[in-house]
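Residues per chain, in single letters:
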Amino acid sequence: MVENSLSLTSITNNLETHIIGRRVIYYPSLASTMEVAKQEAQRGTVEGTVVIADEQTGGKGRLRRVWLSPKGSLALSIILYPSMVYLPSLIMLASLAVVRSIEVVTGLKSQVKWPNDVLINGRKVCGILTESEVRKNIVGYAIIGIGVNVNFRLCDFPEISPIATSLSDELGREVSRLDMIRHLLIEIERLYLTLQAGGSIYEEWRDSLVTLGKRVHVKWGETIYEGIAESVARDGSLLLRRSDGSLTKIVAGDVTLRNQARTLPQEQAEG
Ligand code: BTN
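Predicted, not measured: the structure shown is a model, and the values here were computed from it. (Residues numbered from 1 in each chain as written. Predicted model: local features only at pLDDT ≥ 70, side-chain atom pairs only at ≥ 80, totals over all residues. Heavy atoms only, no water.)

A. Structural detail: the confidence of the model for the chain. Confidence in the prediction for the chain averages 92 pLDDT; 94% of positions are at 70 or higher. In this model, residues 261-268 is a region of pLDDT below 50 whose contacts with residues beyond four sequence positions or in other chains number 17 contacts. (pLDDT = per-residue confidence, 0-100. Contact = heavy atoms within 4.5 Å.)

B. Expanded view of the nonpolar core. Core analysis: the largest hydrophobic core is formed by 64 residues, its most contacted members being L76, L93, I102, W114, I146, L167 and W205. Counting residues per element, this core draws most heavily on helix α3 (residues 89-106), which supplies 10 residues. Among the nonpolar cores identified, the runner-up in size contains 12 residues, and A37, A41, L129 and Y141 belong to it. (Core = buried A, V, L, I, M, F, W, Y, C linked by side-chain atoms within 4.5 Å. Buried < 20%, exposed > 50% of the residue type's maximum accessible area, 1.4 Å probe, protein only. Helix = DSSP H or I, 4+ residues; strand = E, 2+ residues; numbered from the N terminus.)

C. Highlighting the site of the ligand. Close contacts around the ligand come from 21 residues, with S32, T33, K60, R62 and K124 the closest. One of the side-chain N or O atoms of Q56 is found 2.9 Å from a nitrogen atom in the ligand. Here an oxygen atom of the ligand sits 2.6 Å away from a polar atom, N or O, in the side chain of K124. In the complex, the protein chains occlude 99% of the 420 Å² of accessible area that the ligand would expose alone. Mapped by element, the contributors of at least two residues to the shell around the ligand are α2 (33-42), β3 (73-80), β6 (123-135) and β7 (138-149). With four residues, the single largest contributor to the shell around the ligand is β6. Of the residues assigned to the shell around the ligand, the class counts are eight nonpolar, nine polar and four charged. (Near = heavy atom within 4 Å. Polar contact = N/O pair within 3.5 Å; in protein donor to acceptor, adjacent residues only side chain to side chain. Areas by Shrake-Rupley, 256 points an atom, 1.4 Å probe, with all protein chains shown as cover. Nonpolar A, V, L, I, M, F, W, Y, C, P; charged D, E, K, R; others polar.)

D. Highlighting the pattern of salt bridges. Taken as a whole and assessed by the stated rule, the structure comprises 19 salt bridges. D254 is the partner of R62 in a salt bridge, and the nearest nitrogen-oxygen pair spans 3.2 Å. With a gap of 192 residues between them, R62 in the loop between β2 (50-56) and β3 and D254 in strand β12 (residues 254-257) connect regions that are remote in the sequence. Each of the two residues, R62 as well as D254, counts as buried. (Salt bridge = Lys/Arg side-chain N within 4 Å of Asp/Glu carboxyl O.)

E. How the structure looks around the environment of P115. Note that P115 resides in the loop between β4 (111-113) and β5 (117-120). Assessed through its relative accessible area of 9%, P115 is described here as buried. Separated by 122 residues in sequence, P115 and S237 have C-alpha atoms that sit 8.0 Å apart. Setting aside its immediate chain neighbours within four residues, P115 contacts R62, I91, W205 and G253.

F. Focus on the sheet that holds β12. Here five strands make up an open sheet; going across it, the order is β11-β10-β9-β8-β12 and the pairing antiparallel. In this open sheet, the two strands that pair with only one neighbour each are β11 (247-250) and β12. Taking the axes of each pair of neighbouring strands and ignoring which way they run, one obtains an average angle of 45° across the sheet. Across four bridges, the pairing between strand β10 (residues 238-241) and β11 is antiparallel. Along β11, the bridge assignment pairs L240 with T248. (Pairing = 2+ DSSP bridges. Axes fitted to C-alpha atoms, helices over the stretch in contact; angles between N-to-C directions.)

G. A look at the side chain of D54. With respect to the helices and strands, D54 occurs in strand β2. Polar contacts involving the side chain of D54 include one to the side chain of R177, which spans 2.8 Å. For D54, the contacting residues outside a window of four places in its chain are L6, Y26, Y27, P28, P70, K71, S73 and R177.

Structure (structure tokens):
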């Protein structure tokens, strides 16, 4: 039987991190961990503070979408005060930490769909949202929000089931959310320390991308770009080879892998 109940002590007890998780704020139920994290960051809480909810009732996805976080999911936000140079790397850091943690805890291989979705067998298992406040090139705070579908059956959520998966659906058994949370915090700290020591996480992130070499369709606002996802730049942007031979640098957007065009019935992030 997998231990699935979360509590502050079970999350923090003997946690092998020094920065990430030195303060943990836990809620059994919360609208969104992003909102509480933002308030804490504006109050100047200690770096590495983590806000975790057992379930979210108003989870936020990218591009103002809804993020489903029923019981059995993992929903947390981490507050950092990085210098400006590390800001573009936070998305890489978060998605890589998720890929590493999924593999350590479950043995499952996952991949990153640019810019920051984590997929297993082509279906989304994790979404990442970063928010920051920057004034005059100085980062006030950065918040990394991570949602992982751990233990719930996608067949109970038909609005996302065509494009999403969960760790338990992939494995056919439940997974310890505590193990997932604790490994995630450890991996995030490792990668954050690597960055601060002048190391690079770009190569590992690039190699974990499912997007490269594929024909893609990228939507950003009203603009749609099509082409072959040729490479990613060190700042995380996507380099798209267009049919006229030109190379377009795309900083943000929503990617559809052209041979996997599956659409959602409503505006909803795959939670
Ligand atoms: C996306 O793929 O659209 C990003 C989803 C991010 C969801 C996480 S769950 C924890 C944190 N709290 C939120 O309300 N959203 C993020």
